[in-house]
Every structure is written in structure tokens, then in C-alpha cells.
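The chain contents come next:
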Amino acid sequence: MNDNSKPRRRRFRPIHLLLLIPYVAMLWVPSYNRVEPSLAGIPFFYWYQMAWILLGVAVMLPVYFYDERNP
Amino acid sequence: MNTVAVSIFVVLFLLVTVLGFVAARWRRGDLNDLNEWGLGGRRFGTIVTWFLLGGDLYTAYTFIAVPAVMFGAGASGFFAVPYTILVYPIVYAVYPRLWSVVQAKGYVTAADFVRGRFGNGTLALAVAITGIVATMPYIALQLVGMEVAIAGLGISMDVPVPGIGVVHDLPLLIAFVVLAVYTYSSGLRAPALIALVKDALLYVTVIAAVIIIPSELGGFGKIFAAADPKTLVLAPATATSLGQQAAYASLALGSTLALFLYPHAVTGLLSSSSRHVVRRNAVILPAYSFALGLIALLGTMAVAAGVKSMPQFAAGFKVFGNQYAVPALFLHSFPSWFVGIAFAAIAVGALVPAAIMSIACANLFTRNIYREYIDPNCKPAREAQVAKIVSLVVKLGALAFIVELPTTFAIQLQLLGGIIIIQTLPSVILGLYTNRLNPWALLVGWGCGIASGTWMAAQLAFKTSIYPIHLFGVTIPCYAALSSLALNIAVSVALSWVFNAVLRTPPSDATAEADYV
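Chemist: Give me the overall build of chain A: which residues, what numbers.
Modeler: Looking only at helices and strands, chain A has 2 helices and 0 strands in total. The buried share of chain A, reckoned over its 71 residues, is 25%. Sequence separation of 24 or more characterises 52% of the internal contacts of chain A that already satisfy a separation of 6 or more.

Chemist: Requested: an account of the overall build of chain B, with residues and values cited.
Modeler: Of regular secondary structure, chain B possesses 22 helices and 4 strands. For chain B, the C-alpha radius of gyration of 23 Å lies close to 24 Å, the compact-globule estimate for 517 residues. Seen through its C-alpha atoms, chain B measures out along the principal axes to roughly 70 × 65 × 45 Å. By residue count, 57% of the 517 residues in chain B fall in the buried class.

Chemist: Before we move on, can you summarise the interface of chain A and chain B with the specific residues and values?
Modeler: Contacts between the two partners involve 31 residues from chain A and, on the opposite side, 36 residues from chain B. Those elements that place two or more of their residues in the side of chain A that touches chain B are α1 (21–27) and α2 (44–69) of chain A. When residues of the side of chain A that touches chain B are assigned to their parent elements, the largest contribution, 12 residues, is made by α2 of chain A.

Chemist: I'd love a proper account of the environment of D509 of chain B, names of residues and values included.
Modeler: All names here are of chain B. Tracing the backbone shows D509 in the segment after α22 (480–503). Owing to 15 C-beta atoms within 10 Å, D509 belongs among the partly exposed residues under this scheme. With 278 residues separating them along the chain, D509 and T231 place their C-alpha atoms 51 Å apart. Dropping the residues within four chain positions of it, D509 is found in contact with R117, G119 and N435.

Chemist: Give me the lowdown on the packing of helix α1 (residues 3–22) of chain B against helix α8 (residues 170–186) of chain B, citing residues and values where you can.
Modeler: Residues and elements named next belong to chain B. As a packed pair, α1 and α8 sit with axes 8 Å apart at the nearest point and diverge in direction by 25 degrees. The orientation of α1 with respect to α8, classified from their angle, is roughly parallel. You can see that α1 and α8 cross each other, and the crossing is left-handed. Contacts between α1 and α8 involve T17, G20 and F21 from the former and V178, Y182, S185 and S186 from the latter. When its residues are assigned to classes, the contact of α1 with α8 shows 3 nonpolar, 4 polar and no charged.

Chemist: Lay out helix α3 (residues 46–57) of chain B in plain terms, naming residues and giving numbers.
Modeler: One turn of the α-helix equals 3.6 residues, which is why residues spaced by three or four share an orientation. Residue and element names in this part refer to chain B. A rise of 1.5 Å per residue sets the reference length of α3, with its 12 residues, at 16 Å; its end C-alpha atoms lie 16 Å apart and thus fit the reference within 8%. Here α3 has its buried residues at V48, T49, W50, F51, L52, L53, G54, G55, D56 and L57. Residues of α3 that are buried make contact with α9 (189–217), α11 (243–259), α12 (263–270), α13 (275–284), α14 (286–305) and α17 (336–374).

Chemist: Describe in detail the nonpolar core, supporting the description with residues and values.
Modeler: Residues and elements named next belong to chain B. Within the largest apolar cluster, 210 residues are counted, with the highest numbers of intra-cluster contacts made by L143, I194, A302, L329, F343, A344 and V348. With 22 residues, α17 is the single largest residue contributor to this core. For V348, the residues in contact, after removing those within four places along its chain, are L12, V16, I194, V197, K198 and L201.

Chemist: Give me the lowdown on the environment of S255 of chain B, citing residues and values where you can.
Modeler: Residues and elements named next belong to chain B. Mapped onto the secondary structure, S255 falls in helix α11. By C-beta crowding, S255 is classed as buried, having 22 other C-beta atoms within 10 Å. Residues S255 and Y88, spaced 167 residues apart in sequence, show a C-alpha to C-alpha distance of 12 Å. Aside from chain neighbours lying at most four places away, what touches S255 is Y83 and G418.

Chemist: Quick one: what's the story with the packing of helix α7 (residues 121–152) of chain B against α17 of chain B, residue by residue and with numbers?
Modeler: Residue and element names in this part refer to chain B. α17 packs onto α7 with a crossing angle of 160 degrees between their chain directions and a minimal axis gap of 8 Å. The pairing of α7 with α17 is recorded here as roughly antiparallel in orientation. You can see that α7 and α17 cross each other, and the crossing is left-handed. Of the residues that constitute the contact of α7 with α17, the class distribution is 22 nonpolar, 9 polar and 1 charged.

Chemist: An account of the pairing of strand β4 (residues 474–479) of chain B is needed here, citing residue identities and associated values.
Modeler: Each regular strand shows side chains that alternate between the opposite faces of the sheet. Residues and elements named next belong to chain B. Sheet topology places strand β3 (residues 466–471) next to β4; 6 bridges connect them, and they run antiparallel. Pairing of Y467 across the sheet is with C478, part of β4. Hairpin geometry of β3 and β4 is characterised by an intervening segment of 2 residues between the two adjacent antiparallel strands and by a positive phi of about 50 degrees at F472.

Chemist: Could you give an account of α22 of chain B, with specific residues and numbers?
Modeler: Residue and element names in this part refer to chain B. For α22, with 24 residues, the first-to-last C-alpha span of 33 Å sits near the 34 Å given by 1.5 Å per residue. All of the buried residues along α22 are A480, A481, L482, S483, S484, L485, N488, V491, S492 and S496. In the core, the buried residues of α22 are packed alongside α11, α19 (407–421), α20 (425–428), α21 (439–459), β3 and β4.

Chemist: Can you explain unusual backbone geometry? Please cite residues and give values.
Modeler: A cis amide bond links E36 of chain A with the next residue in sequence, P37 of chain A, at an omega value of 0 degrees. Here P37 of chain A shows up in the loop between α1 and α2. Positive phi values are uncommon outside glycine, yet A40 of chain A reaches one of about 50 degrees. The phi dihedral of F462 of chain B falls on the positive side, at around 55 degrees, and the residue is not glycine. Here F462 of chain B is to be found in the loop between α21 and β3.

Chemist: Got a sec to walk through the confidence of the model for chain A? Specific residues and values, please.
Modeler: Interpreting fine coordinate detail is not advised for predicted regions of low pLDDT. The predicted model of chain A has a mean per-residue pLDDT of 85, with 86% of residues at 70 or higher. A low-confidence stretch, residues 1–7 of chain A stays under pLDDT 50, and its non-local contacts, those more than four residues away or across chains, total 4 contacts.

Chemist: An account of the environment of Q142 of chain B is needed here, citing residue identities and associated values.
Modeler: Residues and elements named next belong to chain B. By the element assignment, Q142 lies in helix α7. Remark: the alpha-carbon pair of Q142 and V352, spanning 210 residues in sequence, is separated by 9.4 Å. Once residues within four sequence positions are removed from consideration, Q142 is found in contact with T59, A60, Y61, A350, P353 and A354.

Chemist: Would you mind going over the confidence of the model for chain B in detail, with residue names and values included?
Modeler: Per-residue confidence for chain B gives a mean pLDDT of 88, with 100% of residues at or over 70. Looking at the elements of chain B, mean pLDDT is at its lowest for strand β2 (residues 165–167) of chain B, recorded as 71, and at its highest for α20 of chain B, recorded as 96.

Reading the values: the criteria
- Each chain has its residues counted from 1, following the order in which its sequence is written.
- To label them, take the chains in the order written and letter them from A, then take the ligands in the order written and number them from 1.
- With the structure being a predicted model, the display of local features is reserved for residues of pLDDT at least 70 and the display and counting of side-chain atom pairs for 80 or more, all residues being used for whole-chain, interface and lining totals.
- Runs of H or I in DSSP of at least four residues are treated as helices and runs of E of at least two as strands, each being numbered from the N terminus.
- The exposure scheme places C-beta atoms from the backbone and then counts, for each residue, the other C-beta atoms within 10 Å of its own, assigning buried at 20 or more, exposed at 12 or fewer, and partly exposed in between.
- For every residue pair, C-beta atoms are placed from the backbone, and the pair is scored as a contact if these atoms sit within 7 Å.
- Just to be clear, the radius of gyration here is over C-alpha atoms, and the globule rule we use is 2.2 Å times residues to the power 0.38.
- Only the stretch in contact is used when fitting a helix axis, every axis being a line fitted to C-alpha atoms; angles between N-to-C directions are given from 0 to 180 degrees.
- Each angle is binned into one of four classes, with values under 35 degrees roughly parallel, values over 145 roughly antiparallel, values of 65 to 115 roughly perpendicular, and all other values oblique.
- By definition, any crossing whose near helix is turned counterclockwise from its far helix by less than a right angle is left-handed, and any crossing with a clockwise turn is right-handed.
- Classification convention: Asp, Glu, Lys, Arg as charged; Ala, Val, Leu, Ile, Met, Phe, Trp, Tyr, Cys, Pro as nonpolar; all other residues, Gly among them, as polar.
- For a helix, the expected span equals 1.5 Å multiplied by the residue count minus one.
- Linking buried Ala, Val, Leu, Ile, Met, Phe, Trp, Tyr and Cys residues through C-beta atoms within 7 Å yields a set, and such a set is a nonpolar core.
- By this definition, two strands are paired if DSSP reports at least two bridges between them.
- The quantity called pLDDT is the predictor's confidence in a given residue, expressed from 0 to 100.

Have a look at this one:
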């Protein structure tokens, strides 16, 4: 278990920078504000943002596994 | 009145009521302790927390209001999707720290943490009152969600009662009184258990809707072809204005920053059994965002189905406006037995957040007002008793609000709620990382944020929260919560620097760095 005798300090972990990617993608609205290419009749604007729900999880997963292995 | 749909609806509602009372015995604990009543004993694992937070954050009102905006205004309503994408990286990175310090110090609310971190009761009081004020209209809006579902079933809201006369909103009254009673007796365990049923109903409804309705309407291509081409995507920027796209991004970001400051969200997170549960939930909660995205598209489907011009729905649209779009679409597309299930999903979807919100308000009042200012030496049993009574009062208040005042008033106040709750961000979130901010500076920053945010909303007559900012000859439409938060942070940081330089008072911090990891 952890050594509780000395206070553990929280060190910055570069892998956490991955968590910023969804912010860049979603707040950069002009990058996806269009109709084409549509997917199965759904305009790009809608399916692209829906796809980012999955991509958002995809960037959190490596961070999660790294953190769980290195507490 | 649709007998089949109403029967199924009533049966599901009764099932949920039974669960609400049975919940008191679930993972049995001493319900005369605030930690047990108000946080479920902090024993919820990954799965229960997932259901609880899913039921808590993705409320009935969300499921009515988001497609209603899509129905009325098109693409701009879809901001709910990026909003719920951006929430989770923050939850992942920031909230395990809050969970740990709250656990280490035996806190119950975010205001408890602020009290300990900055050693200032006034700042904690400001955080607590902000939370309560922002949540009250949110509870009232859950009732609107339920009202739309009940009215959609064709159940008359004004029921003649022998001896009393016609009682307005009687079905709503009954539903809410039942909710109030089992929340009183079971605490947070009730919404946690009910959330399992709610989410099962919700997912079944959403999956059925996105399979059945597009096929009835001839596919997504035809659905989007029926939408107004002008609102299919956002209006592009012009030489003098960043336009709708800036509004969209600022709404998504501002809503993201506000969400987990709401007391009901904090309560849901703090009831989990470990910081690992918090992290795991940040990774698995986006499943609900997917459901939300599909529900948002129901608004576009309602346009394509042409429900607004159908005579049988004219009365509903007259009373509820665009909020009637999804109920009308369900009534139009589903067989009546499934309408019963879908409407039960909406109504039960209102019960879960309403219960958690009232519990969260009760926790805040008890810990940060009652124990701090009225009865500092109160025993744990007394604390729990006060919280239970406050949860009743809060719900009755919300009920009176909806029955007595026009719905638009609650919608406007909820809009203001997002603007004011975000002003607690410097104290709560920045506070998780530093104790060098001065509590009085934070209080002044909070005041500036509330004043400027409310002023902007008032300028817009509380109809919208997008306030145009003019900068270097360019108009930037920005969510008022975000711009007022920027002012708040600037004032808090600048004044902290001045106060610390002049007063040189050491931070009075009851927490240690080891409490956060």
C-alpha cells in the first residue's frame, strides 16, 4: 500500500494533456459547421459531433489506464 | 384519454413508488445520519453511480427542452452534445480531488469544502445560497417535464374532487407528494434505486424511437430535407460578427463549467464509494450523451413528421409550445402501449433529479446555514431531521411555483441559475488547487460575477442568455455565464494578489495536500 508517512504531492502527468483534445475539436465550431459530407442522410454537423462522443471516450481511456497503473 | 397508455403509465409509476419506499432498506444504514440519508452512506459503486448520475444529469426537462429547441430553432439546439462531451474530461481530471478531500474531512457539501479550505464562513454561505437558489427553479422545471407527459396522455389536469371543487394540477400534486414522502423516508437511496428503472425505460424508448420513427418518415435523408435549410447548420460569421458559431461554442463551454457545480451533481458524485468510481464514471457516462444526441434529433424528426399542423395536437402546442414536440411525435408514431412506456420514462425521469436536487438543497441548508448559524452544536440525528424537513419544503416550494406562476418564469429563472452557479467555480474548482486565493477577494469576485451576469440577462429580458460583446469592432455573441465568470476570475485573482501583499495573513486552511490525492 501507499506510504502514508510522507505527504504525496500531486505531480503533473503529461498524458493528461490528451484530455484537452476534445475541447479543441468541439470549440472550433467552423471546422464542422457544414452539411457535407453527410452520412446515411445525416448532415456532417450532426454525425461529426455524435462521433466525438466516442472519440472523447477514446482519449480518456489511455489516461484512465495509465492513472490506474500508476497511482 | 388513451386507456392502454394510461394503464401502463400508472402501473410503472406505482412500481417506482414501491421502489422508492423499499429503498430505505437497501444497503441498510442509519437514516438518522446525514451521511446516510443525504449521501447514501457513500457506498455506491461504479454501476449504481452510473445510473444515479445518468438519471440526475440527463433530466426529464432536458429530454423535453433540447428537442424543443431543435424543433423550433434547428442546429443551435444541438449544443447540448458538445456540452456533454466536454463535461467528462473535467470530471475525470478535477473531481477525484474533491471526492478525496471531502472523504478525508467528513464534508457533505461543496460549501463545506470551501469553509474548510479558506476558513471563511461568509464565503461558504455565499456558495451554499448560490447552490440553493440555482437549483430551486431547476426542480420546478422537472415538474414541467412531468406535466407535459401527463397532459400528453390526455389525463385532465383539473380534476373535480367531491367536497372541494375542481383541483388544478391534481395528478401532478399526487405524484409530487408521493415523491416527497419517499424521499423523506429513504433519502438518496430512493432516487438511486428508481434511476435503474428510469434508465431502462429511457434507453428502450430512445432505441425504439431512432429505429421506428426514421423508417416511418423514409430515412434520415428525408428527415433533414424537411428541415429549414437556413437552420440546418449554424449561420456563418460575417465581417463584423462571429455570429451563431461563437454563441454555440460559448454555450457548450459555459454549460460544461456550470454543470458539476450544481449541488445535485456534486451530491451524486460524492455518494460514490471511491475516487476510482468517479474516474470510471467519467469514462462511461458519455453513453448517456449518445442517448441525448439521439433525443435531440427527435426535434428534427418532429419537424419532418409535421406534428405541428396536426389538429389533434393543436391544444398541446397551444399550452406547452415547442415543448410538446416530442410528446406529439411519440403519440403520432408509437402504438398506445409503447406511448405509455415512453411517457413513463419522461415522468420517472423527472422524479430522479427532483429527488436528488431537493436532497442536495437540504444538505446545503443543514450543513452551511442551520449548523453554521442556527444550532452549531446540533447532534447528527437533529441534522438529519432538519435535512429531511427541508427536502419536503423545497419540493413543496417548487410545486407552488409551477402551480401558481407561469411556466416561462421558471424557465427564465433556470436560465439565470446557470449564470449564478458558475460564479462558485473560483472558490470550489480553483480552491481544489490553491489556498492562495483570499476568501474576501473570492467573495467580491463572486459578487461581480453575479451582478454582471444578472445585468446581462436582464438586458436581454431573460429571454436568452447570449449577450453580444463588442470588441475591436467585432461583435462576439457570448453566453453570459462565461463572460461574467471571466470577470469573476479576474477580480478574484487580482484582489487576492493585492490583499495578500497588503495584509500578509497566512491562509487559514483546514486541509492538507495529502487529503486531495
